[in-house]
Amino acid sequence: MASTFFRTIQIHPFLLYPTALFSRRNGVLYCTMKSSQTQTATQEKQQPPKVKVPQHALKKTVDKITRDYEAIIGIETHVQLSTLTKAFCSCPYNYGSQPNTSICPICMGLPGALPVLNSKVIEFAVKLGLALNCKLSLNSKFDRKQYFYPDLPKGYQISQFDIPIATGGYVDLDLPLEFGGGHRKFGITRVHMEEDAGKLLHSGNGDYSQEITSLTSIYSYFSKHTVDLNRAGVPLLEIVSEPDMRTGIEAAEYAAELQRVVRYLGISNGNMQEGSLRCDVNVSIRPVGQSEFGTKVEIKNLNSFSSINRAIDFEISRQALLHSQGQSDQIVQETRLWEEGAQKTVTMRKKEGLSDYRYFPEPDLPEVILTQEYVDSISNSLPELPEAKRRRYEKMRLSMQDVLFLANDMNVAEYFDATLSSGADIKLAANWIMGDIAAYMKNEKLSINDIKLTPQELAELIASIKSGTISGKIGKEILSELLAKGGTVKGLIEEKDLIQARLEIIVYPYERTELNFLIADPVEIGKMIDKVISENPKQLEQYRGGKTKLQGFFAGQVMKLSKGKANPGLLNKILLEKLNGQS
Amino acid sequence: MGSRALLMLTNFNFKTTVSSFGLASNPFFLIKNNLRTRNFSTKTRSSLQPPDLPGLAETARISLAPNEVEEFAPKIGQVIDWFGQLQAVDLDNVEPAIRADTEGDNLREDVPQTFENKEALIASVPSYEEPYIKVPKVLNKE
C-alpha cells in the first residue's frame, strides 16, 4: 500500500517540489493520502476504537479471552559491536560524532573499493556463538542482501544468508520473582555477522532532526531527507531466537539476558537508547491446544525492555480480541510500530509476500574459516557468564532476588566476588551492596566502578561490625565517607572518633567522651556494673519488683561511668545477669 | 539511474549465470519469490522468460512510465538472451567459482585509520548540505 502511494507520487513529480508551499499543509495532505488508500487502511482506521473501548471498560473480559489463546513469540536482535573500526574498512566509529566524518570509499560504496574484514568481528561473533551455546560453522561466508534504500550506499548489505557463523544454541534465564519467578530456556536459531546501514534523518522545519521510522517518513514526505553515513558499515551480530517465548515478560527477560551476555563478553555496550541493541519481535497467537501457528505480526520501535513487555502484551490482547470476535481474518502479516505515548501498536506497513533480496555470495570477501584451535582459545578466554554466575550464587544460599541483582551487572558481580575473597560474610556483603551502596550509586548516578570504597574495605567494614568494634549505625556513617572519599575503615574509626560511644550517646543520654576503643573486658565491665548497682539500691529494688524497664537506667549509668567505652552487648548481658541476681 | 539499471541487469546476470553452473538445485540459489524467472531450463536458451519490468523497476526504485516500459523491455530482453547463450556451456563437471581464491584469512586488525581525502568524498556527493547528504525520499523499505 505504501508503494502504491509511492508510485502515485512519482507520476506526479510536480508535487515533490515547492517543499515550502506544502510543508504547512502536511496534515491535510496526510489525511488525503490515508483516505485514498486501499481497503486495508480503512479497516485499520476502524480497528483502534474496537480494541480500545472494550480494553478499557472490560479489562477482565480481555484477560479471560487472552487465557483461551497461546502466544508464540520470537525475537530478532541486532547487536552493534564495540569494535574501534567498522566491519570492512578502518573508519573509526564513535556514537554521536559529527555526521559524515567517519567515512571512506569503502563504507560509501564507491566503485572499486574493496571490503577487508575486521578480525574483531569474527572474534566477537565466535564469543557470542559460544556464549549462546551454539554450534559454530568452521566454514561460513558472507552474502549480499540487495535492496535500494537511501541509507544503504552500496545498494546491498553484506550479511550472512544460508551459512551463518553460529546456529542451534540456547539461552538460560531466571524470571524475576515479581513476575512469578522460574527458570526458562529459550532456543537460539542462529547468529550471523552483517553491517549496519547509515542513519536516515528528516528535518521538517530545518530546526530539528530525527531518525526516520516508516511512520514518520509518511508524515514527513514533503520535508527534507538526509543521511549520515557514520554508521554505515558498523559491524552487527543478528541473533534470531526460536519462537519459544509466550509472554511479554519472557520476551523482555530474553532481551535483558542478551544484553547481560554481550556486556559480560565485552562485545557491545548493549545500550538500547543508542540503538546498540535493537529488538524486533514477532507475535502470533493460536487457540490453546491448536498446533499450527497463527498469522505472525512483527513489532518494531521497541526501545526498552519494558516497552518489549508492554508492546507484546498489547499485541496479544489485540489479536485475542479479534479472534474472539470472529475477526481473525483481520490479523494480517504486517509490521506494526509500538507507540510509547499511546501505549499501543499501529500498522507501519503490510507485507506484500516475501521480500526479494536476491542474495548471492559476496565475491569480494574470502570465506570465513575458523580453526578448532582458534575457537578453543576463545572458549578458554570467556568470562564467567551470567547464567553460571547465578547458579554459583544460588549455591551460596543467596535468595533468588539477591542472585538476580548481583549477577545483573558484571561489575557489581565482580565487586561482590572481590568482597567475598577479602573474607566478608556472604549475606552481609550482599546486603551492603544491594542496600546502602546501590542506593548511593543510584543517587549519585555512579557505577560501581566509580565509587571510592574498595571491596577490601567493605570486607573490613563488615568484619568490624560483626566483631562489635563498631555498631551497624556507625558502620553506615563510615560507609558513606568511604563511598565518597575513599580511605580505610581503620583510619576513619581513629580519625573520626567514630567509636561505639557515639551511638550510645543517642541511646543513653550522657555527655560525649573522647575515648577511642571499647572496653570489651567482662571483668572490668562487671566491676562498673557492681558499682552502679550498689549506688542505686532503690532502683534495684524497683527493678526486682517488676519494673524491668529500669535496665536501661542501669545500662546508661554504667555507660556513663565507662565514659562510653563499654561494649554495649557485653554490658547488657552482664548487667542482666547481675540485676537478676544470677551472679 | 544508470547504476540502478545496471543492477537490474546484474540480477539477471546472476540468475542466468547460476543456472548455467547447474547449481539451481542448491538450496542457496533458490531465490524466494522469483517464480517469474526461475522456471527456465538450464540449457535451453529460448525458454528464458521475459522480465517483469514493472516489478523490477519497483525493486530498483525506478518509476517507469508505460512508454518507458515498452522502450526498456526489449533492451533488457536482449541482455537476458545474451546471458542465455552462456547456458549452452556444459559445466556439469566444473566446480562453482564464487570468488577469487585468496591465500590465508586476509583479515584486518581493528586499528582505526582516518581516510584523508574526505573533501573529495564529500565533493563527489551529488547533493550535500552540511553536514548531511541529501537523499531521495523512499517510503517503504521492503
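- An unreviewed UniProt entry annotates chain B as Glutamyl-tRNA(Gln) amidotransferase subunit C, chloroplastic/mitochondrial of Gossypium anomalum.
- Regarding chain B, the relevant UniProt record gives this comment under Sequence similarities (unreviewed entry): "Belongs to the GatC family."
- Within the UniProt record for chain B, the comment given under Subunit (unreviewed entry) is "Subunit of the heterotrimeric GatCAB amidotransferase (AdT) complex, composed of A, B and C subunits."

- Looking at an unreviewed UniProt entry, chain A carries the name Glutamyl-tRNA(Gln) amidotransferase subunit B, chloroplastic/mitochondrial, with the source organism given as Gossypium anomalum.
- The UniProt entry for chain A carries the following comment under Subunit (unreviewed entry): "Subunit of the heterotrimeric GatCAB amidotransferase (AdT) complex, composed of A, B and C subunits."

### Focus: the overall build of chain B
Moving on, step 1. The helix and strand inventory of chain B stands at five helices and two strands.
Moving on, step 2. Overall, chain B shows an N-to-C arrangement of helices and strands of α-α-α-α-α-β-β.
Moving on, step 3. A total of 142 residues make up chain B; the buried ones form 34% of that total.
Moving on, step 4. Partitioning the intrachain contacts of chain B with sequence separation of at least 6 by distance along the chain shows that 62% fall at a separation of at least 24.
Moving on, step 5. When the accessible area of chain B is evaluated, it comes to approximately 8800 Å², of which 54% is carbon and sulfur surface.

### Regarding the sheet that holds strand β14 (residues 334-339) of chain A
Residues and elements named next belong to chain A.
Moving on, step 1. Ordered in space as β2-β6-β7-β11-β1-β12-β13-β14-β15, the nine strands form an open sheet in which the pairing is mixed. Whereas interior strands pair on both sides, the edge strands pair on one side only; in this sheet they are β2 (135-136) and β15 (344-350).
Moving on, step 2. Inspection of the sheet shows strand β1 (residues 69-80) paired to strand β12 (residues 277-287) by 11 bridges, in the antiparallel sense. Counted as the bridge partner of I72 is S284 from β12.

### Some words on the pairing of β1 of chain A
Residue and element names in this part refer to chain A.
Moving on, step 1. A large share of β1 lies buried, amounting to 10 of its 12 residues.
Moving on, step 2. Taken together, the five bridges between β1 and strand β11 (residues 235-241) define a ladder with antiparallel strand orientation. The partner of E76 across the bridge, within β11, is V240.

### Examining the domain arrangement of chain A
Moving on, step 1. As assigned here, chain A comprises domain 1 (40-369), domain 2 (409-495) and domain 3 (510-579).
Moving on, step 2. Summarising the inter-unit geometry, the C-alpha centres of domain 2 of chain A and domain 3 of chain A are found 32 Å apart.

### Section: the pattern of salt bridges
All names here are of chain A.
Moving on, step 1. Here the structure, examined in full by the defined rule, presents 42 salt bridges over all chains.
Moving on, step 2. The partner of E315 in a salt bridge is R336, and the shortest N-O contact between them spans 3.5 Å. Linking E315 in helix α9 (residues 305-324) with R336 in strand β14, this pair joins segments that are 21 residues apart in sequence.
Moving on, step 3. Residue class for R336 comes out buried when judged on its relative accessible area of 2%.
Moving on, step 4. Between K476 and D436 there is a salt bridge whose closest N-O contact spans 3.2 Å. Here D436 lies in helix α14 (residues 426-444) and K476 lies in helix α16 (residues 472-485), a separation of 40 residues in the sequence.

### Points about the sheet that holds strand β4 (residues 143-146) of chain A
Residues and elements named next belong to chain A.
Moving on, step 1. Spatially, the three strands line up as an open sheet ordered β5-β4-β16, and their pairing is antiparallel. Only two strands of the sheet have a single neighbouring strand rather than two, namely β5 (156-159) and β16 (360-361).
Moving on, step 2. As judged from the four bridges shared by β4 and β5, these two strands associate in the antiparallel manner. Bridge assignment links D143 to a residue of β5, and that residue is S159.

### Regarding α16 of chain A
Residue and element names in this part refer to chain A.
Moving on, step 1. Between its first and last C-alpha, α16 extends 20 Å over 14 residues, near the 20 Å set by a 1.5 Å rise per residue.
Moving on, step 2. For α16, the set of buried residues is I474, G475, I478, L479, L482 and L483.
Moving on, step 3. Backbone geometry just downstream of α16 places G486 in the positive-phi region, at approximately 80°.

### Examining the nonpolar core
Moving on, step 1. Formed by 105 residues in total, the largest nonpolar core has its most connected members in I73, L128, L132, Y254, I308 and L458 of chain A.
Moving on, step 2. A per-element tally of this core places helix α8 (residues 248-265) of chain A first, with 10 residues.
Moving on, step 3. Looking at this core, you find at least three residues from each of domain 1 (40-369) and domain 2 (409-495) of chain A.
Moving on, step 4. Counting 21 residues, the second-largest nonpolar core is a separate cluster that includes C104 and M108 of chain A together with I133 and V135 of chain B.

### Considerations on the packing of aromatic side chains
Residues and elements named next belong to chain A.
Moving on, step 1. Summed over all chains, the structure comprises nine aromatic pairs over all chains.
Moving on, step 2. Here the aromatic rings of Y147 and Y357 are separated by 5.9 Å at their centres, their planes lie at 65°, and the arrangement is edge-to-face. In this pair, Y147 is assigned in the loop between β4 and β5 and Y357 in the loop between β15 and β16, connecting sequence segments 210 residues apart.
Moving on, step 3. Ring plane angle 90° and centroid distance 5.1 Å describe the contact between Y393 and F416, whose orientation is recorded as edge-to-face.

### What to know about the confidence of the model for chain A
A low pLDDT means the predicted coordinates there should not be read in detail.
Residues and elements named next belong to chain A.
Moving on, step 1. Counting all residues, the mean pLDDT for chain A is 83, and 81% of those residues have values of 70 or more.
Moving on, step 2. Below pLDDT 50 for its whole length, residues 214-222 participates in 31 contacts with residues either more than four positions away or in separate chains.
Moving on, step 3. Note that pLDDT drops below 50 for residues 507-516; the model gives that stretch 29 contacts with residues more than four away or on any other chain.

### Points about the pairing of strand β6 (residues 166-174) of chain A
Residue and element names in this part refer to chain A.
Moving on, step 1. Here β2 runs beside β6; their pairing, made up of two bridges, is antiparallel. Looking across to β6, one finds that K135 is bridged to T167.
Moving on, step 2. Relative to strand β7 (residues 183-195), β6 runs antiparallel, the two sharing eight bridges. Its bridge partner being in β7, V171 is matched across the sheet by F186.

### Some thoughts on the side chain of N118 of chain A
Moving on, step 1. Positionally, N118 of chain A belongs in the loop between β1 and α6 (119-131).
Moving on, step 2. Here the side chain of N118 of chain A touches K86 of chain A through a polar contact of 3.3 Å, landing on its backbone oxygen.
Moving on, step 3. Reaching out from N118 of chain A, the side chain makes a polar contact with the side chain of D110 of chain B at a distance of 2.9 Å.
Moving on, step 4. Residues contacting N118 of chain A, with those up to four places away along its chain left out, are T83, T85, K86 and A87 of chain A together with R108, E109 and D110 of chain B.

### Some details on the confidence of the model for chain B
Residues and elements named next belong to chain B.
Moving on, step 1. Taken as a whole, chain B shows an average pLDDT of 69; of its residues, 58% reach a score of 70 or greater.
Moving on, step 2. Per-element confidence in chain B ranges from a low mean pLDDT of 37 for helix α2 (residues 35-38) to a high of 93 for helix α5 (residues 118-123).
Moving on, step 3. Scored below 50 in pLDDT, residues 1-46 makes 82 contacts in the model with residues more than four places away or belonging to other chains.

### Focus: α9 of chain A
Residue and element names in this part refer to chain A.
Moving on, step 1. Over its 20 residues, α9 extends 29 Å from the first C-alpha to the last, a length consistent with the 28 Å expected when each residue adds 1.5 Å.
Moving on, step 2. α9 sits mainly inside the fold: 14 of its 20 residues count as buried.
Moving on, step 3. Backbone geometry just downstream of α9 places G326 in the positive-phi region, at approximately 70°.

Calculation notes
- Residues numbered from 1 in each chain as written.
- Chains lettered and ligands numbered in written order.
- Predicted model: local features only at pLDDT ≥ 70, side-chain atom pairs only at ≥ 80, totals over all residues.
- Heavy atoms only, no water.
- UniProt positions renumbered as here; feature names shortened; annotations may be inferred.
- Helix = DSSP H or I, 4+ residues; strand = E, 2+ residues; numbered from the N terminus.
- Buried < 20%, exposed > 50% of the residue type's maximum accessible area, 1.4 Å probe, protein only.
- Contact = heavy atoms within 4.5 Å.
- Areas by Shrake-Rupley, 256 points an atom, 1.4 Å probe, with all protein chains shown as cover.
- Pairing = 2+ DSSP bridges.
- Domains from an automatic or database assignment.
- Salt bridge = Lys/Arg side-chain N within 4 Å of Asp/Glu carboxyl O.
- Expected span 1.5 Å × (residues − 1).
- Core = buried A, V, L, I, M, F, W, Y, C linked by side-chain atoms within 4.5 Å.
- Phe/Tyr/Trp six-rings, centres within 6.5 Å; stacked < 30°, edge-to-face > 60°.
- pLDDT = per-residue confidence, 0-100.
- Polar contact = N/O pair within 3.5 Å; in protein donor to acceptor, adjacent residues only side chain to side chain.

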